[in-house]
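# Examination of the molecular architecture
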Amino acid sequence: MAEATFHVFRGDAKGGDLVTYGVPVTEGMVVLDGIHYIQAHLDGTLACRWNCKAAKCGSCSAEINGHPRLMCKTRVDDFKGEPITVRPMKAFPVIKDLVSDVSWNYRVNKQIPPFTPSPYDPGPWKMYPEDVERLFEFRKCIECFLCQDVCHVLREHDGFDRYMGPRFMVRVAALEMHPKDTLSRTDLLRGSGGIGFCNITKCCEEVCPEHIHITDNAIIPLKERMADDYFDPWRSLLRVFGKKKEPRGT
């Protein structure tokens, strides 16, 4: 049986190093299978986070040969016999081995005002198919945080105090573009949301396992809304006095 060489980070917040393991290759094997083999047969102390093994829970995010990817969605035979190096996500603190502390994301999430329908519109609500289709893309997010990991504002510039990151631009977009939501969040985007720090490199789109068009369909429309609200005189008055959104096409 062929064998794959795995270099796996072992350590914690104080430091660590790569440890090499030989793992038998089976048909259809993914990187997470290799990690499980190591845990079961070579070193039971290796820590990793996973749940569904179906690319739907977003738990097994890691950096595989330098690229942020889901371990359960990365086939071993894609590397054609080359060594496979697995490290934890770089942007977040390491807890142990391949497990990162992503709790910062949940604290950011709490800053976003929830869905706010009009109290004078109790329903039943009617939505057009195009509105549902537009929101469905954002609802596909599995919160793997690979887009946060690859975002250069967070990863390279440690901008956790000034930019929420692409994951939360997607969440804000889902709320802002909901036809029944009435609350404007452009103050948040311009302030602590830090949308101005995104310079549209689209690196977040490249790593998204759900292929969400994060920059084209979420961040750019939000930037346009923010610019309208702050620099269009009429909408600026609405922002100051009403905090309500004016109906828009996007």
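Data block above holds the structure.
Counting of residues starts from 1 at the beginning of each chain's written sequence and follows it residue by residue. Two thresholds apply to this predicted model, a pLDDT of at least 70 for residue-level local features and 80 or more for giving and counting side-chain atom pairs, whereas whole-chain, interface and lining totals are computed over all residues. Side-chain descriptors were evaluated using all non-hydrogen atoms of the structure, hydrogens and water having been removed beforehand.

The way it works is that DSSP assigns letters per residue, a run of H or I at least four long becomes a helix, a run of E at least two long becomes a strand, and they are numbered from the N terminus. Locating M127 in the fold gives a position in the loop between α2 (103-109) and α3 (129-139). In this scheme, a residue with accessible area under 20% of its type's maximum is buried, one over 50% is exposed, and one in between is partly exposed, where area comes from a 1.4 Å probe on protein chains only. On the basis of relative accessible area, M127 is assigned to the partly exposed category, the value being 32%. Any two residues having at least one pair of non-hydrogen atoms within 4.5 Å are treated as being in contact. Residues in contact with M127, not counting those within four places in the same chain, are V132, L135, H178 and P179.

Where helix α6 (residues 166-176) meets helix α9 (residues 214-231), the axes come as close as 9 Å, and the angle between the chain directions of the two elements is 65 degrees. Classified by the angle their axes make, α6 and α9 are roughly perpendicular. Taken as a pair, α6 and α9 cross one another with a handedness that is left-handed. Within the contact between the two elements, α6 uses P166, M169, V170, V172, A173 and E176 and α9 uses I214, A218, I219, L222 and R225. Only C-alpha atoms enter the line fits that serve as axes; for helices the fit covers just the stretch in contact. Angles between N-to-C directions range over 0 to 180 degrees. Roughly parallel means an angle under 35 degrees; roughly antiparallel means over 145; roughly perpendicular covers 65 to 115; every other angle is labelled oblique. Crossings are assigned a handedness: left-handed for a near helix turned anticlockwise from the far helix by less than a right angle, right-handed for a clockwise turn.

The subject of this paragraph is the environment of I212. For I212, the location among the structural elements is in the loop between α8 (203-207) and α9. On the basis of relative accessible area, I212 is assigned to the buried category, the value being 3%. The spacing of I212 and K140 is 72 residues in sequence and 7.6 Å in space, taken between C-alpha atoms. Non-local contacts of I212, meaning those with residues more than four positions away in its chain, are made with E137, F138, K140, C141 and E205.

So, about the state of the cysteines. Cysteine sulfur atoms that pair up within 2.5 Å are treated as a disulfide. The final tally for this structure, using the stated rule, is zero disulfides. Counting only cysteine sulfurs, C144 is the nearest neighbor of C147, a cysteine outside any disulfide, at a range of 6.2 Å. C198 takes part in no disulfide bond, and the closest cysteine sulfur to it belongs to C204, at a distance of 6.2 Å.

Right, let's get into α3. Among the residues making up α3, those that are buried are D131, L135, E137 and F138. What you see down the axis of α3 is that its buried residues fit within an arc of 145 degrees, all on one side. For α3, the exposed residues lying more than 90 degrees away from the buried face are P129, E133, F136 and R139. Buried positions along α3 lie against α6 and α9. Each direction from the helix axis to a C-beta atom contributes to the arc, which is the arc of those directions.

Right, let's get into the nonpolar core. When a protein is soluble and globular, its nonpolar side chains tend to lie buried together. By size, the foremost hydrophobic cluster in this structure holds 69 residues, and its most contacted members are F6, V31, I35 and M71. A total of seven residues in this core trace back to one element, the largest contributor, which is α6. Once residues lying within four places of it in the same chain are set aside, the contact partners of I35 are F6, V8, L46, C48, M71 and L98. Throughout this description, the term nonpolar core refers to a set of buried Ala, Val, Leu, Ile, Met, Phe, Trp, Tyr and Cys residues connected via side-chain atoms within 4.5 Å.

Side chains S61 and E63 of strand β3 (residues 61-64) all project onto a buried face; the interleaved residues A62 and I64 project onto the opposite face, where all are buried too. The criterion for strand pairing is that DSSP finds at least two bridges linking the strands in question. In the sheet, β3 pairs with strand β4 (residues 67-70) via four bridges, with the strands oriented antiparallel. Counted as the bridge partner of S61 is L70 from β4. As consecutive antiparallel partners, β3 and β4 are separated by two residues, and within that stretch N65 has a phi angle of approximately 50 degrees, a positive value. Inspection of the sheet shows β3 paired to strand β5 (residues 84-87) by two bridges, in the antiparallel sense. Bridging from a neighbouring strand, I64 pairs with V86 of β5.

With that settled, consider the packing of aromatic side chains. Geometry of aromatic contacts follows a simple scheme: Phe, Tyr and Trp rings, the Trp one being its six-membered ring, pair when their centres are within 6.5 Å, and the pair is stacked under 30 degrees between planes, edge-to-face over 60, tilted otherwise. Within the structure shown, the criterion is met by four aromatic pairs. Ring geometry for W104 versus F160: centroids 4.8 Å apart, planes at 90 degrees, classification edge-to-face. With W104 in helix α2 and F160 in the loop between α5 (152-155) and α6, this pair connects stretches of sequence that are 56 residues apart. The residues W104 and F160 share a single accessibility class, namely buried. An aromatic cluster is defined as three or more aromatic residues linked by ring pairs; in this entry it consists of F92, W104 and F160. Only when the NZ of Lys or the CZ of Arg is both within 6 Å of the ring centre and within 35 degrees of the ring normal is a charge said to sit over the ring. When the ring centre of Y230 is taken as origin, the NZ or CZ atom of R190, which lies over that ring, is 4.3 Å away.

Function cannot be inferred from these measures alone, as they are strictly geometric.
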